[in-house]
Amino acid sequence: MNIKLSKKDLHTIDSDIELVVVKDLKKLEKSTQKLLKKISFDLKSFDTYFDASKNIFYVSSAKLKKEDLKLCFSSAIRNIKKLNIKSVKFDLIQNDKELKIDEIVEGLVLGAYEFTKYKSAKNKNKKMNITISTKNSKKNEEVLKKTLANTLAITSSVNMVRSIINTPPEDYFPATMANDAKNIASQNNLQCIIHGEEYLIKNGMNAMFNVGRASRHESQLIHLSYKPKEPKGKIVLVGKGLTYDSGGLSLKSGAGMVSMKCDKGGGSAVLGIMNTLKALSCEYEVHGIVGAVENMIGGDAYKPDDVLKAKNGKTIEVRNTDAEGRLVLADCLCYAQDEIKDIDYIFDYATLTGACVVGVGQYTTGIMGNNEILKRNAVLSALKSGEYATTLDFNRYLKKTIKSDIADISNIASTRYGGAITAGLFLDNFVEKENKEKWIHFDIAGPAFVEKEWGYNPYGASGAGVRMTIEFLKNIDK
Ligand code: BES
Ligand code: ZN
Ligand code: ZN
């Protein structure tokens, strides 16, 4: 899809069809009002109708801003794609109201996404040219252009994350992720360090190393850094990059294993965020650390009953090899805090627990940490960005349930309740004292991958974590 702005009058722009957003029927010509009434055009449900006699495509929206507007343009583009059309034009002013470019473009780009790589050629996405007439806009042209460029940087990164997550595990393994990180680095002038298993062993990262032991693919520790000239602060993003989670010897059920290619969702989100920073001229130094590992079975697999020593010296009793994400993150959090000093914020992203999905539903991220204000701000950023998130509170009693009789800590809780929180509390053991209040854990197990289209999100990966973090970065100083 190619989206451009034009100062020209809408009528002078050459295009296959014109898109018209309908909020209030009275704003339309009498004949059009009559036509839309006749076909029971629904003004509330982002309904669409194509008038082939005039080459006008109508889409309804009860509100002309925020999520409604994104959903409106998503519905429009999805239905336009079903027609054999190459170009679309529309006015930035609709129903006498100037619409926001970022909301329009988010709806268009995120809504138009389809994962077609594994479909036969005839079904592939076709190119579409979209021209937005800004002739009657009250805003400065440069500002509009900048907004368009920024929104394209964000949405194309979200789509990149979706495609990474949707790629099958046979084609996407730790080395593939490391390779993607290298490419992102070279396109964005980022520093990129990749460590293999030899490094993990040498540096005491036994928790992470053991999870990947039975896989034929070598685990990869990825470290990207974005360093502007005079950074205003330092932010560390850590992601769980399980390119596949079979559960290990505590094997998942057949049904439970399906879609576990999504277990790289956290690490992929980190790559996506890192891919936007240069384009957005981010003023913070940002580090992206991803533990890319495959959790498999075999004669060399780590076992329930093993005790593993993490990079910070803490010993972990493995009671379930399917609680592997927290083991990988434990070492990645230690690595991050050993390598990077004077951190302002440290966030981790992970498809960590099924319990989080059960607790808050598949569309919502669970936010955990020790700093109430920071957690609230993270929720607000998520909601503002169009992602759903809610806090899940730690407490001293759940904290006791991850004690171990033979090691410092157990990788599963002794209670069947509160599994998302006990996983968060496990991670807290690997956050240093000075960073306790700077840390947030995002459990994206639900929204990272949903096997049903929702709003402008497609079947499969949504790219959860990217937009909320970019919104958070935007608001730090406020
Ligand atoms: N990757 C899963 C969590 C998950 C579940 C992600 C559903 C996406 C959708 C994680 O590694 C896992 O298996 N967690 C276990 C933890 C349990 C053994 C304590 C779970 O949630 O069942
Ligand atoms: Zn697991
Ligand atoms: Zn997992």
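Keep in mind it's a predicted model, so treat the numbers as computed, not measured. (Residues numbered from 1 in each chain as written. Chains lettered and ligands numbered in written order. Predicted model: local features only at pLDDT ≥ 70, side-chain atom pairs only at ≥ 80, totals over all residues. Heavy atoms only, no water.)

Observations regarding the site of ligand 1
This is how it is decided: When we say a residue is near a molecule or strand, we mean one of its heavy atoms is within 4 Å of it. A 3.5 Å cut-off defines polar contacts: any pair of N or O atoms within that distance qualifies, except that in protein one atom must be a possible hydrogen donor and the other a possible acceptor, and neighbouring residues in sequence count only when both atoms are side-chain atoms. Each residue receives one of three labels: charged for Asp, Glu, Lys and Arg, nonpolar for Ala, Val, Leu, Ile, Met, Phe, Trp, Tyr, Cys and Pro, and polar for the others, Gly being one of them.
Taken together, 15 residues surround ligand 1, and among them K252, D263, D322, E324 and G354 come closest. One of the side-chain N or O atoms of D263 is found 2.8 Å from a nitrogen atom in ligand 1. In the environment of ligand 1, a nitrogen atom lies 3.5 Å from a nitrogen or oxygen atom belonging to the backbone of L352. Its residues assigned to classes, the shell around ligand 1 comprises 4 nonpolar, 4 polar and 7 charged.

Thoughts on the coordination of the zinc ion (ligand 2)
Reference values for coordination geometry: four tetrahedral donors around a metal ideally subtend 109.5 degrees, six octahedral donors ideally subtend 90 or 180 degrees. Rules: Coordination here is defined by N, O and S atoms within 2.8 Å of the metal (3.2 Å for Na, K and Ca), and since water is not considered, a site can look incomplete. Four donors are marked tetrahedral only if all angles between them lie between 85 and 135 degrees, whereas four are marked square planar and six octahedral if opposite donors are more than 155 degrees apart and the other angles lie between 65 and 115; the remainder are marked irregular.
Taken together, the protein donors to the zinc ion (ligand 2) comprise D245 (OD), D322 (O), D322 (OD) and E324 (OE), at separations of 2.0 to 2.2 Å. Classification of the site at the zinc ion (ligand 2) rests on its 6 donor atoms, whose angles at the metal span 72 to 168 degrees, yielding the label irregular. For the zinc ion (ligand 2), the single-chain donor residues occur in sequence as D-x76-D-x1-E. Between the zinc ion (ligand 2) and the zinc ion (ligand 3), a spacing of 3.2 Å is present, and a bridge between the two is formed by D245.

What to know about the coordination of the zinc ion (ligand 3)
Bound to the zinc ion (ligand 3) on the protein side are K240 (NZ), D245 (OD), D263 (OD) and E324 (OE), at distances that span 2.0 to 2.5 Å. One way to put it: the 6 donor atoms around the zinc ion (ligand 3) meet at angles of 77 to 173 degrees, and that makes the site octahedral. For the zinc ion (ligand 3), all donor residues lie on one chain, and their spacing in sequence is K-x4-D-x17-D-x60-E.

Some points on helix α12 (residues 372-385)
To keep it simple, the criterion reads: Each helix corresponds to a stretch of at least 4 residues labelled H or I by DSSP, and each strand to a stretch of at least 2 residues labelled E; elements are numbered beginning at the N terminus. In this analysis, the expected span of each helix is defined as 1.5 Å times one less than the number of residues it contains.
End to end, α12 covers 20 Å across 14 residues, agreeing with the expected 20 Å (1.5 Å per residue, within 8%). Capping the start of α12 is the job of one residue whose side-chain oxygen sits 3.1 Å from the backbone nitrogen of I373: N371. Where α12 ends, the next residue or the one after it, G386, has phi of about 100 degrees, a positive value.

Side note on the packing of aromatic side chains
The criterion, for reference: Two rings belonging to Phe, Tyr or Trp (six-membered ring only in the last case) form a pair when the distance between their centres is within 6.5 Å. Interplanar angles under 30 degrees mark stacking, angles over 60 mark edge-to-face geometry, and anything in between is tilted.
For the coordinates displayed, the defined rule picks out 13 aromatic pairs. Ring centres of Y345 and F347 lie 5.9 Å apart, and the angle between their planes is 45 degrees; this geometry places the pair in the tilted category. One aromatic cluster in this structure is built from Y345, F347, Y349, F442 and F472.

Some remarks on the environment of E198
By the element assignment, E198 lies in helix α6 (residues 197-202). Between the alpha carbons of E198 and D47 there is a distance of 57 Å; along the sequence they are 151 residues apart.

Concerning the sheet that holds strand β8 (residues 129-133)
Rules: Strands are treated as partners if at least two bridges between them are detected by DSSP. Angles run from 0 to 180 degrees between N-to-C directions of axes, and those axes are lines fitted to C-alpha atoms, restricted for helices to the stretch in contact. For this analysis, residues touch if any pair of their heavy atoms sits within 4.5 Å.
Here 6 strands make up an open sheet; going across it, the order is β1-β8-β5-β2-β4-β3 and the pairing mixed. At either end of the open sheet lies a strand with only one pairing partner, and these are β1 (2-6) and β3 (48-51). Within this sheet the neighbouring strands show an average axis-to-axis angle of 25 degrees, counted without direction. With 4 bridges joining them, β3 and strand β4 (residues 56-60) adopt antiparallel strand pairing. Bridge assignment links T48 to a residue of β4, and that residue is V59. Each of β2 (17-22), β3 and β4 touches helix α1 (residues 30-38); the most contacted strand, β3, lies at about 125 degrees to it. On top of the sheet, helix α3 (residues 101-112) reaches β1, β5 (87-91) and β8; it is set at about 155 degrees to β1, its chief contact.

Geometric values such as these leave the question of function open.
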